[in-house]
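Structural features, examined
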Amino acid sequence: KTFPATLKEKSLVVVVFYLSWDARSAAFLASCSEASLALKDDTTNSSPLARVACDDWPDVCQLNNVTSYPTTKAYRDGKFLKDYRGMLETTALVNFIRLLQLPAPVELKTLEDVTSFKEGLMSTGGTNTAVLGLMGADNQEEVGTFTSVAQELQGNFLLGLVQDKELAAEVCSSYGCTVPAVVLLKRDDPYQPFKLFPGKLAHKPSVLNFVRLTSLPVFPELTPQ
């Protein structure tokens, strides 16, 4: 099969570009094999992971702007989506792909959807950070910004969007906010379990910066490992 044909076989394909003689590539390929088993679709018996040996197919790697090894790239509907910049190990790669398999943002239509989202069920264990966009039908500019942020952060964070003003207000009552609002939830941070975005919701760079910085633990724990 050709590389473009393989990319079009599935809506999401994550490709590992490697060198067969490279030690880092070999170590990561072992993690990729474990990740592939964890991500295998029982119905189709296939995984979204694929690999390309750049010493055998240098033209393919050059066309995909691969300059270091191993490099992992995600493709959606045959087109480049984003690079994987996480740790070269199984769990991080699996979480990245599982988050890419979810909508960005996840649409939350009921209180049950919101509860499930907050408890982490919809993220399939992929992240301990979730971001809620609480908006109404008259907040289209803010909805557009939040959707763009969700698409840019897909694979790293889980973002959910409420577009029903009554439901958004009900959820807001738990956090002391008013619609429209963005709330970042941290399930692993007892010192700051949530934080409200304080800026202008229609300003995308500010929202992106807020999510990236606020997701960090306020009082991180250091361990021997």
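Scroll up to find the structure this text is about.
The residue count restarts for each chain, going from 1 along the sequence in the order it is written. Totals for whole chains, interfaces and linings use all residues, but because this is a predicted model, local features are given only for residues with pLDDT of at least 70 and pairs of side-chain atoms are given and counted only at 80 or more. The basis for every side-chain value is the complete set of heavy atoms in the structure, and neither hydrogens nor water enter the calculation.

A separate point is the sheet that holds strand β2 (residues 49-53). Any two strands with at least two DSSP bridges between them are considered paired. Put simply, DSSP marks the helices as runs of H or I at least four residues long and the strands as runs of E at least two long, and each gets a number from the N terminus on. Taken in spatial order, the 4 strands of this open sheet run β2-β1-β3-β4, and their pairing is mixed. The open sheet has two edge strands, β2 and β4 (79-83), and neither has a second partner. Pairwise comparison of adjacent strand axes, ignoring direction, gives a mean angle of 30° for this sheet. Inter-axis angles, ranging from 0 to 180 degrees, are taken between N-to-C directions of lines fitted to C-alpha atoms, where helices are fitted over the stretch in contact.

By secondary structure assignment, the location of S20 is in the loop between β1 (12-18) and α2 (23-39). The sequence separation of S20 and A53 amounts to 33 residues, and the corresponding C-alpha distance is 6.4 Å. Identification of polar contacts relies on pairs of N or O atoms within 3.5 Å, with a donor-acceptor requirement for protein atoms, meaning one able to donate a hydrogen and the other able to accept it, and with residues adjacent in sequence counted only if both atoms are side-chain atoms. At 2.3 Å, the side chain of S20 and the side chain of D55 are in polar contact.

What follows covers the nonpolar core. Among the nonpolar cores identified, the biggest contains 20 residues, and L132 and L134 are the most heavily contacted of them. Listed by contribution, the elements that provide at least two residues to this core are α5 (111-118), β6 (129-134), β7 (158-162), α7 (165-172) and β8 (181-186). A per-element tally of this core places α7 first, with 4 residues. When neighbours within four sequence positions are excluded, L134 is seen to be in contact with V162, A168, V171, C172, C177, V179, P180, A181 and V183. By convention a nonpolar core is built from buried Ala, Val, Leu, Ile, Met, Phe, Trp, Tyr and Cys residues, the set being connected through side-chain atoms within 4.5 Å. Only protein chains enter the accessibility calculation, which uses a 1.4 Å probe. A residue is then buried if its area is under 20% of the maximum for its type, exposed if over 50%, and partly exposed in between. Residue contacts are defined here by distance: any two heavy atoms, one from each residue, within 4.5 Å place the two residues in contact.

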